[in-house]
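Okay, here's what each chain looks like letter by letter:
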Amino acid sequence: MIERQKEIVKAPGNPENGIETVIQITSLKKTFGNQEVLKNVSLELKDKENLVILGKSGSGKSVLIKCIVKLLDFDGGSIKVLQQDMSHLNMEELYTIRQKIGFLFQSGALYDSMTVRENLEFPLRRVKKGLTEKEIEDRVAEVLTNVGLKDVLNKMPSELSGGMKKRISLARTLMVNPMIMLYDEPTTGLDPVTSAEISLLINEVQARYKTSSIIITHDIKCARSTANRIIMLKDGEIFKNGKLEEFENSDDPFVKSFFV
Amino acid sequence: MKNRSPAMKVIPRLMVTREPYIKLAERTIAKTKVLNQFLTTAAEVFLFIIRVIRNTFSSGFEFKEFLHQCFKIGYKTLPLISITGTIMGLVLTIQSRPVLIDFGAVSLLPGMVAVSLIREMGPVITALICAGKIGSGIGAELGSMKVTEQIDAMEVSSTNPIKFLVVTRILASVLMIPVLILYADTLGIFGSWAGANIKGDVSLVLFFSQAFSHVEFIDFLPAVVKSVFFGAVIGFVGCYKGYHAGRGTESVGLAANSAVVLSSLLIIIVDMIAVQLTDML
Ligand SMILES: Nc1ncnc2c1ncn2[C@@H]1O[C@H](COP(=O)(O)OP(=O)(O)OP(=O)(O)O)[C@@H](O)[C@H]1O
Ligand SMILES: [Mg+2]
């Protein structure tokens, strides 16, 4: 009892004090009507880890990470982000947690009525009020260089290529210095060269911003170059959890069908 | 059904006696499904209204976005409203002038046009046109934002989409649509003057002073109140349909389409209620 109390004092939900487990999901359940998308999913994301989640299309990967940021309500189980239980948060607490999470949407989700500059500035202006214009501009420039783009600030999203859109939306999530990054299929629909560049970018982001990331993909090359650990989803449950080598050397036909 | 087993001989008899009940049960289930759907939608609308109201009156109004929407809804609709407003007055005059001449009451023309424009035609026709332009615009915009996860993206960057997208648009149409309607009324009277001048010769000043000598405050007030409701209907229906668009791109078109249909219908209904109410005054 006394020991437990000490533990609580030592780690009061402050990530800088070295939380080991950044995201903890226990027996997560999610249904749409009578379709059970997630039956029983438990996983942990450790600090500074790149966790790749593999799974067929429609296996509920996007649903899983949307539950993490509470874009979707789940039906059972629990999700703890930075040791806070996501089902017992009020609006303000939820927004505070969300500011620490960067979410790269599968579709990019750039605001198409805004220019690239306005897109990038949007989260910063909302989250950190009271920044000077100079500070905002510097931040935009810095983040843009980090994703390897320039001369796009005054373009509209519709004028960008798919790969550029991915980079801009990655840049947008990086604007507020998230501690956790959730990537929903960052390389899908891109050519192999651009995919490889985006994978490199994910690693760079992790090194530079010290983020812990969940990377959802069915692109095995991206998984190979970014993963510290892999979790495979099948039929709403976790099928296999382990290091890359364990997957590469597996004899299971389902695993093999991914790692050809 | 030829070689019946003993059991089968019994079952059909049971079925015969049960059949009406089964049919009734099936029909009831079908009806409850419809009812269920209706109630779910009603609950959804109700919740949306509550959310919008709560977010309208809680702190942190998105003033910049509100101004932007006022510009988009008001200013960008001006050309369309200018044309339709003028034509409305023109046509009304050309159509009714011969009749009034027959009755020897052509001097009443400006007053008649002004009253009918201000009381009824201006608000309703302008609102219907706005439902087509603004309602579908809001429905399609929010719908595509929903489908392409932009609303989700907003939410994860700690922005309340109801406050930022919905409240601003509804308030902007509540403010701008009455303004557009008054503007259309004015241009309608101009159009009417032009129409009267095709075959006759009236000075603009005389025409306007004749027109407004017949218009009283009691003509204006209900019309303006009604216009505010039209604005609310257009903004709310557009936002509701867009915000609740399904998944997939075809739901964007559906959202825009049903926004126009539903808001046009509601405008007519609100107008009917408003007319009844003013009649009682
Ligand atoms: N909002 C929703 N309403 C109803 N059903 C949904 C919703 N979101 C997802 N689903 C269903 O949940 C299942 C999983 O969807 P999800 O988007 O998570 O798949 P995914 O693993 O991300 O696939 P992909 O690799 O194609 O992106 C699908 O069958 C989908 O139809
Ligand atoms: Mg997905």
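Residues numbered from 1 in each chain as written. Chains lettered and ligands numbered in written order. Predicted model: local features only at pLDDT ≥ 70, side-chain atom pairs only at ≥ 80, totals over all residues. Heavy atoms only, no water.

Some thoughts on the packing of helix α6 (residues 161–199) of chain B against helix α7 (residues 204–213) of chain B
Residues and elements named next belong to chain B. Interhelical geometry of α6 versus α7 gives an angle of 125 degrees and a closest axis separation of 10 Å. On the basis of their axis angle, the class for α6 and α7 is oblique. Along this stretch, α6 crosses α7, giving a crossing that reads as right-handed. Along the contact surface, α6 presents T186, I189, F190, S192, W193 and A196, while α7 presents L204, F207, F208, A211 and F212. (Axes fitted to C-alpha atoms, helices over the stretch in contact; angles between N-to-C directions. Helix = DSSP H or I, 4+ residues; strand = E, 2+ residues; numbered from the N terminus. Parallel < 35°, antiparallel > 145°, perpendicular 65-115°, else oblique. Left-handed = near helix turned anticlockwise from the far one by under 90°. Contact = heavy atoms within 4.5 Å.)

A few points about the pattern of salt bridges
Residues and elements named next belong to chain B. Taken as a whole and assessed by the stated rule, the structure comprises 19 salt bridges over all chains. Of the charged contacts, one joins R169 and E141 as a salt bridge, the two residues approaching to 3.0 Å between their closest N and O atoms. Highlighted residues: R169 in helix α6 and E141 in helix α4 (residues 109–147), separated in sequence by 28 residues. With a relative accessible area of 1%, R169 lands in the buried category. When salt bridges that share partners are traced, they join E65, K72, E141 and R169 into one network. (Salt bridge = Lys/Arg side-chain N within 4 Å of Asp/Glu carboxyl O. Buried < 20%, exposed > 50% of the residue type's maximum accessible area, 1.4 Å probe, protein only.)

Considerations on empty space enclosed by the protein
Applying the stated criterion across every chain, the model contains one cavity of 30 Å³ or more. By volume, the largest cavity amounts to about 140 Å³. In terms of lining, the largest cavity is formed by 14 residues, of which the most central are P123 and T173 of chain A together with A153, V156 and S157 of chain B. Elements with a minimum of two residues in the lining of the largest cavity: β6 (101–104), α4 (116–127) and α6 (162–174) of chain A together with α5 (150–156) of chain B. The element that contributes the greatest number of residues to the lining of the largest cavity is β6 of chain A, accounting for three residues. Taken together, the residues of the lining of the largest cavity sort by class into eight nonpolar, four polar and two charged. (1 Å grid on protein atoms, 1.4 Å probe; cavity = no way out; pocket = protein on both sides within 12 Å on 5 of 7 lines; lining within 4 Å. Points joined across faces, edges and corners; volume = space filled by probe spheres on them. Nonpolar A, V, L, I, M, F, W, Y, C, P; charged D, E, K, R; others polar.)

Describing the site of ligand 1
Taken together, 15 residues are adjacent to ligand 1, and Q35, S57, G58, S62 and E185 of chain A come closest. Around ligand 1, the neighbouring residues derive from chains A and B rather than from a single chain. Q106 of chain A has a polar side-chain atom sitting 2.9 Å from an oxygen atom of ligand 1. Measuring from an oxygen atom of ligand 1, one finds a side-chain N or O atom of H218 of chain A at 3.3 Å. (Near = heavy atom within 4 Å. Polar contact = N/O pair within 3.5 Å; in protein donor to acceptor, adjacent residues only side chain to side chain.)

Here we look at the coordination of the magnesium ion (ligand 2)
Ideal geometry at a metal centre gives angles of 109.5 degrees when four donors are arranged tetrahedrally and 90 or 180 degrees when six donors are arranged octahedrally. Residue and element names in this part refer to chain A. Coordination of the magnesium ion (ligand 2) by the protein comes from S62 (OG) and Q106 (OE1), over a distance range of 1.9 to 2.4 Å. Of this pair, S62 sits in helix α2 (residues 61–68) while Q106 is found in the loop between β6 and α4, placing the two residues 44 residues apart along the sequence. You can call Q106 partly exposed: its relative accessible area is 34%. (Donors = N, O, S within 2.8 Å, 3.2 Å for Na, K, Ca; no water.)

Considering helix α7 (residues 192–209) of chain A
Residue and element names in this part refer to chain A. The terminal C-alpha atoms of α7, which comprises 18 residues, lie 25 Å apart, in line with the 26 Å expected from a rise of 1.5 Å per residue. The complete set of buried residues in α7 reads T194, S195, I198, S199, L201, I202, V205, Q206 and Y209. The buried residues of α7 occupy an angular sector of 155 degrees when the element is viewed end-on, so they sit on one face. Looking at α7, the residues exposed on the side facing more than 90 degrees away from the buried face are P192, V193 and L200. Taken together, the buried residues of α7 touch β3 (50–55), α5 (133–146), α6, β7 (180–184), β8 (212–217) and α8 (220–226). (Expected span 1.5 Å × (residues − 1). Arc of directions from axis to C-beta.)

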